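# Secondary and tertiary structure notes
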Amino acid sequence: MKIKSIFISAVVALMSSACSDSFLDINTNPNTLPTASPNYVFTNALNTSATNMAGNTNAQGSNEIGHYWSGQWTQSNGYIISTTQFAYNFTNGDFNYWDGYYDNLQDYQFVIENADTYNQKFLKGPAKVMKALLVHQLVDMYGNIPYSDALKGVGSLAPKFDDQKTVYESLITLLDEALVDIKANAFASAFTSSDIIFKGNTSKWAKFANSLKLRLLMRQARISGRDSYIKTEINKIVTEGSGFITGEDVGVGGTGFFLATAGKLNPVYDRWGYDANGAKRALNNYPRLTQYLVNSLKASNDTLRLKRIGYATGGEGTTAGVSAKAEIAANYVGVPFGASSGYLPAGSCALGPSLLIKGAYDKPYILMTASEVQLHLAEAKQRYSDVTLPGTAKAYFEEGIAQSFRVLGANVAGAAAFKGSKIQNYDWDATTNKLDAIAIQKWITFTNFNGLEAWSEYRKTGLPVTPQSIQVPDTKRPVRFFYPNTESGANQANVTAQGTIDAFSTRLFWDVD
């Protein structure tokens, strides 16, 4: 693993104010360890996590490729078709999220190891939660990874790889440790602004930790013989008592942090939306909703969410957040996945107001939605009727749809209209296969927010059954990434020890079929 630590050339300026816009004036020095106070490292690490997932004007993030490979997004025909993404012609030189994630993890590790020394114990728990989040995403992209031997600097220049299932179990333990730290250490009031997710609210950090544990557990739900472990761990969450994220989402930054200044915008806005002066980015013409997504939402009469997920053909109009054309079903046109002609930017649906509105450069970058959590609870209760969760699978399912409407900015009353509608996968009572309905609603709720999770859940369930890329003559689809060539060069023996990796058949441990 490449030994990089992220930090700061602008730390002196940062010392003046914990809520200063200079939080974003941060550069990487790969040759030195962080020497700043953990609270500054923590703030920068959170911002870096958002950028690693969202991407920036130079490169895509892990969520972007997930939106493509889960069948939610494709590209318009204003560009030459990307064969790496849509013909699956990629190698170990493509999709290197590894280096950025491990750099970011080094920052969280620094916080964990130095919080006590700086009398900032309140940062240890949140840093452990974020460490768990990033490590689990690395597993979901690459399988076996360095974990127990990683993040030790010169103490382990060629860290061994750990079994991916073992890493998942270790993350549950790490989140248990995080909960102990969170509950024992309230944020000092002078440092709440260093937490650009929950502003020092430890109750919400505890809920996030439990919600992340639930995600990790339910990702394993189709593995034979895993039921007892999963139920035991869910029951432990219920007994612990902090609960789950409800009614709001986990978002990085937001107003007061992201600024209308180059390099300081919300990373999604900066990549696919507008620059600091409000000029439309060229990349605004690139991502497009797939034909499958658009037509599926139309067929289910789910047009309220459709209008928030995408703009009508012609894109955003002169009124911010409103389509240039009438927002009627006929003006919503998706692109067949991988199509290389016939769908120019103006004639297809761009990413919509749930994600991009001109002038809304300071929206939080969402890491997890309350909708996702409710749908995981629905799956847990449906699979394990004897688990101690207090609600019913139906109630969690319906609340998951309602929270999806909310986070998209649609009228939540529209979610209630599906009750008794007889529409499959929306009306719980009328739906034939409840677990399929939960999987499909997860796929919808991840759209525009959590592409990597959408791809992971798609690999787990195979749902919904999205069309193959037009660029691919057979049925093969990626099930993981190759280990990046940077890791092969720096840690060759341990990469080789993982055996021959086939990105189309070497499945992750939770991807059972």
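Worth saying up front: this structure is predicted, and the values here are computed from it rather than measured. (Residues numbered from 1 in each chain as written. Predicted model: local features only at pLDDT ≥ 70, side-chain atom pairs only at ≥ 80, totals over all residues. Heavy atoms only, no water.)

In terms of helices and strands, the protein carries 19 helices and 4 strands. Seen along its three principal axes, the alpha-carbon backbone of the protein occupies a region of about 60 × 55 × 50 Å. Here the protein holds 513 residues, and the buried ones make up 60% of them. In the protein, once contacts between residues fewer than 6 apart in sequence are set aside, the share between residues at least 24 apart is 73%. As presented, the protein carries roughly 18300 Å² of accessible surface, and 50% of it is formed by carbon and sulfur atoms. Positive and negative charge centroids in the protein, built from 46 and 44 side chains respectively, lie 4 Å apart. (Helix = DSSP H or I, 4+ residues; strand = E, 2+ residues; numbered from the N terminus. Buried < 20%, exposed > 50% of the residue type's maximum accessible area, 1.4 Å probe, protein only. Contact = heavy atoms within 4.5 Å. Areas by Shrake-Rupley, 256 points an atom, 1.4 Å probe, with all protein chains shown as cover. Lys, Arg positive; Asp, Glu negative; His and termini not counted. Charge placed at Lys NZ, Arg CZ, Asp CG, Glu CD.)

This part takes up the environment of Y332. Its location among the elements puts Y332 in the loop between α12 (303-309) and β4 (365-368). Between the C-alpha atom of Y332 and that of L306, which follows or precedes it by 26 residues, the distance is 8.3 Å.

A few words on the packing of helix α3 (residues 62-69) against helix α17 (residues 451-461). α17 packs onto α3 with a crossing angle of 45 degrees between their chain directions and a minimal axis gap of 6 Å. On the basis of the axis angle, α3 is oblique to α17. For the crossing formed where α3 meets α17, the hand is left-handed. Along the contact surface, α3 presents S62, N63, G66, H67 and W69, while α17 presents G451, L452, W455 and Y458. Across the contact of α3 with α17, the residue classes break down as 4 nonpolar, 5 polar and no charged. (Axes fitted to C-alpha atoms, helices over the stretch in contact; angles between N-to-C directions. Parallel < 35°, antiparallel > 145°, perpendicular 65-115°, else oblique. Left-handed = near helix turned anticlockwise from the far one by under 90°. Nonpolar A, V, L, I, M, F, W, Y, C, P; charged D, E, K, R; others polar.)

Here we take up the packing of aromatic side chains. Applying the stated criterion across every chain yields a total of 40 aromatic pairs. On the numbers, 6.1 Å between centres and 70 degrees between planes, the contact of Y68 with W73 is edge-to-face. Owing to a relative accessible area of 0%, W73 belongs among the buried residues under this scheme. One cation-aromatic arrangement involves R219 over W510; the distance from NZ or CZ to the ring centre is 5.5 Å. A cation over an aromatic ring shows up here: R480 above the ring of Y483, its NZ or CZ 5.0 Å from the ring centre. (Phe/Tyr/Trp six-rings, centres within 6.5 Å; stacked < 30°, edge-to-face > 60°. Lys NZ or Arg CZ within 6 Å of the ring centre and 35° of its normal.)

Moving on: the packing of helix α16 (residues 434-446) against α17. Angle between the axes and distance between the axes are the two parameters that describe a pair of packed helices. The geometry of α16 relative to α17 is characterised by a closest axis approach of 9 Å and an angle of 160 degrees between their N-to-C directions. With respect to their mutual orientation, α16 and α17 come out roughly antiparallel. Relative to α17, the crossing made by α16 is left-handed. Facing A439, K442 and F446 of α16, the residues of α17 in contact are G451, E453, A454, E457, K460 and T461. Considered class by class, the residues forming the contact of α16 with α17 number 3 nonpolar, 2 polar and 4 charged.

Turning next to the layout of surface pockets. Considering only enclosed or pocket space, the second largest pocket measures out at about 410 Å³ in volume. Y458, R459, T461, G462 and L463 are the residues nearest the centre of the second largest pocket, which is lined by 30 residues in total. A per-element tally of the lining of the second largest pocket places α17 first, with 6 residues. Of the residues contributing to the lining of the second largest pocket, the split by class is 12 nonpolar, 5 polar and 13 charged. (1 Å grid on protein atoms, 1.4 Å probe; cavity = no way out; pocket = protein on both sides within 12 Å on 5 of 7 lines; lining within 4 Å. Points joined across faces, edges and corners; volume = space filled by probe spheres on them.)

With that settled, consider the nonpolar core. Core analysis: the largest hydrophobic core is formed by 138 residues, its most contacted members being W69, M130 and F208. Broken down by element, this core gets its largest block of residues, 11 residues, from helix α6 (residues 124-142). When sequence neighbours within four positions are dropped, the list of residues in contact with M130 reads L46, S49, Y108, I197, W205, F208 and L367. (Core = buried A, V, L, I, M, F, W, Y, C linked by side-chain atoms within 4.5 Å.)

With that settled, consider the side chain of E372. Of note, E372 is situated in helix α13 (residues 370-383). The exposure class of E372 is buried, given its relative accessible area of 0%. Engagement of the side chain of E372 in a polar contact is seen with the side chain of H376, the distance being 2.9 Å. (Polar contact = N/O pair within 3.5 Å; in protein donor to acceptor, adjacent residues only side chain to side chain.)

Okay, helix α5 (residues 98-114) next. With 17 residues, α5 extends 24 Å between its outermost C-alpha atoms, agreeing within 8% with the 24 Å of an ideal straight helix rising 1.5 Å per residue. Counting buried residues in α5 gives 15 out of 17 residues, a clear majority hidden from the surface. (Expected span 1.5 Å × (residues − 1).)

This part covers helix α9 (residues 227-240). Since the α-helix packs 3.6 residues into each turn, any two residues three or four apart lie on the same face. With 14 residues, α9 should cover 20 Å at 1.5 Å per step; its first-to-last C-alpha distance of 20 Å lies within 8% of that length. Where α9 is buried, its residues touch α7 (164-184), α8 (202-219) and α13. Immediately beyond the C-terminal end of α9, within one or two residues, lies G241, with a positive phi of roughly 95 degrees.

Okay, unusual backbone geometry next. Put simply, L463 and P464 share a cis peptide bond, and its omega is -10 degrees. With respect to the secondary-structure elements, P464 resides in the loop between α17 and α18 (485-490). A positive phi angle is found at K199, which is not glycine, with a value near 55 degrees. Here K199 lies in the loop between α7 and α8. A relative accessible area of 47% means that K199 is categorised as partly exposed.

Looking at where Y274 falls in the secondary structure, it is placed in the loop between α10 (267-273) and β3 (287-289). Once the C-alpha coordinates of Y274 and L356 are considered, the two residues, 82 residues apart in sequence, prove to be 8.7 Å apart. With residues near it in sequence (within four places) discarded, Y274 still touches L265, Y269, A279, K280, R281, E316, I357 and K358. Only 2.5 Å separates the side chain of Y274 from the side chain of E316, close enough to count as a polar contact.

With that settled, consider the confidence of the model for the protein. Residues at a pLDDT of 70 or more form 93% of the protein, whose mean pLDDT is 94. Note on residues 2-31: pLDDT under 50 across the span, and 66 contacts to partners over four residues away in sequence or across chains. (pLDDT = per-residue confidence, 0-100.)

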